[in-house]
Amino acid sequence: MTNTVTAGAGADEERDAVEDGRDETEAEQADRKWVELLQEIRVAQTGVQILFGFLLTVVFQPKYGRLEDVDRAIHIVTVVLGALATGALIGPVSLHRIVAGRRVKHKAVVWASRMTFVGLVLLLVTMAAALLLVLRVATHNAYVPYLVSGVVLWYLVCWFLLPLWVRHRHTTT
């Protein structure tokens, strides 16, 4: 029996289906992919929610009033990015709830995957901005942008470059 894989981020959703070697119906495949996606989202949601909660409490600290204008601006941008990341990473749950029972799970998986990818990108930027803010306040040193850039590069390697390399290296068509 021929099976297809079409869910995922980016070009995977748009290209023709490819063999994945599983003996499952399209509905079973959509169910499996939904469960896998939810497990992935749980990890990212936990991180973004903890970070977002921390960012929300910062304005209530006495030192916040003494921050430089640029640091307050970084904080505001970081809070907004955190809110956007939270929305993107919780969005798939709402999507599933609204379309449940409508026989569109395959499309829901595709859209939820896209929202998750956007959420991960927003989480990366949020974490970078939060790190920038914390290091600026803690050190006021000129090396902070370089340190943050190094951490962002590490995130890019771990979250995107290595997975893309593995996908390219080990995907057969």
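Reading the values: the criteria
- Residues numbered from 1 in each chain as written.
- Predicted model: local features only at pLDDT ≥ 70, side-chain atom pairs only at ≥ 80, totals over all residues.
- Heavy atoms only, no water.
- Helix = DSSP H or I, 4+ residues; strand = E, 2+ residues; numbered from the N terminus.
- Buried < 20%, exposed > 50% of the residue type's maximum accessible area, 1.4 Å probe, protein only.
- Contact = heavy atoms within 4.5 Å.
- Areas by Shrake-Rupley, 256 points an atom, 1.4 Å probe, with all protein chains shown as cover.
- 1 Å grid on protein atoms, 1.4 Å probe; cavity = no way out; pocket = protein on both sides within 12 Å on 5 of 7 lines; lining within 4 Å.
- Points joined across faces, edges and corners; volume = space filled by probe spheres on them.
- Nonpolar A, V, L, I, M, F, W, Y, C, P; charged D, E, K, R; others polar.
- Phe/Tyr/Trp six-rings, centres within 6.5 Å; stacked < 30°, edge-to-face > 60°.
- Lys NZ or Arg CZ within 6 Å of the ring centre and 35° of its normal.

Enquirer: Can you help me understand the overall build of the protein chain in this one?
Expert: From N to C terminus, the protein chain includes five helices and zero strands. Listed N to C, the secondary structure of the protein chain is α-α-α-α-α in terms of helices and strands. When burial is assessed residue by residue, the protein chain has 33% of its 173 residues classed as buried. Summarising the internal contacts of the protein chain: among those between residues at least 6 apart in sequence, 67% fall at separations of at least 24. A total of about 10,900 Å² of accessible surface is found on the protein chain, and carbon and sulfur atoms cover 65% of it.

Enquirer: Would you mind showing me how to read the layout of surface pockets here?
Expert: Empty space among the atoms becomes visible once a probe the size of a water molecule is rolled across them. The volume enclosed by the second largest pocket comes to roughly 180 Å³. Looking at the second largest pocket, the residues that line it are Phe54, Val58, Gln61, Lys63, Tyr64, Leu67, Leu133, Val134 and Val137. Among the elements that take part in the lining of the second largest pocket, helix 4 (residues 105-139) stands out by supplying three residues, more than any other. When grouped by side-chain class, the residues that make up the lining of the second largest pocket number seven nonpolar, one polar and one charged.

Enquirer: Even after reading the chapter, I still don't get the packing of aromatic side chains, so can you show me in this structure?
Expert: Any two aromatic rings considered together are summarised by their centre-to-centre distance and by the angle between their planes. A full pass over the atoms with the stated rule returns three aromatic pairs. A centroid spacing of 5.6 Å and a plane angle of 75° characterise the contact between Phe117 and Phe160, whose relative ring orientation is edge-to-face. Of this pair, Phe117 sits in helix 4 while Phe160 sits in helix 5 (residues 144-170); the two residues are 43 residues apart in sequence, bridging distant segments of the chain. A relative accessible area of 38% means that Phe117 is categorised as partly exposed. Pairing Trp159 with Phe160 gives two aromatic rings, centres 6.4 Å apart and planes at 70°, and the pair type is edge-to-face. On the basis of relative accessibility, which here comes to 28%, the residue Trp159 falls in the partly exposed class. Here the aromatic cluster, defined as three or more aromatic residues joined through ring pairs, consists of Phe117, Tyr155, Trp159 and Phe160. Here the basic side chain of Arg72 rests over the ring of Tyr64, its NZ or CZ set 5.9 Å away from the ring centre. Above the ring of Trp111, the side-chain terminus of Arg114 is found at 4.5 Å from the ring centroid.

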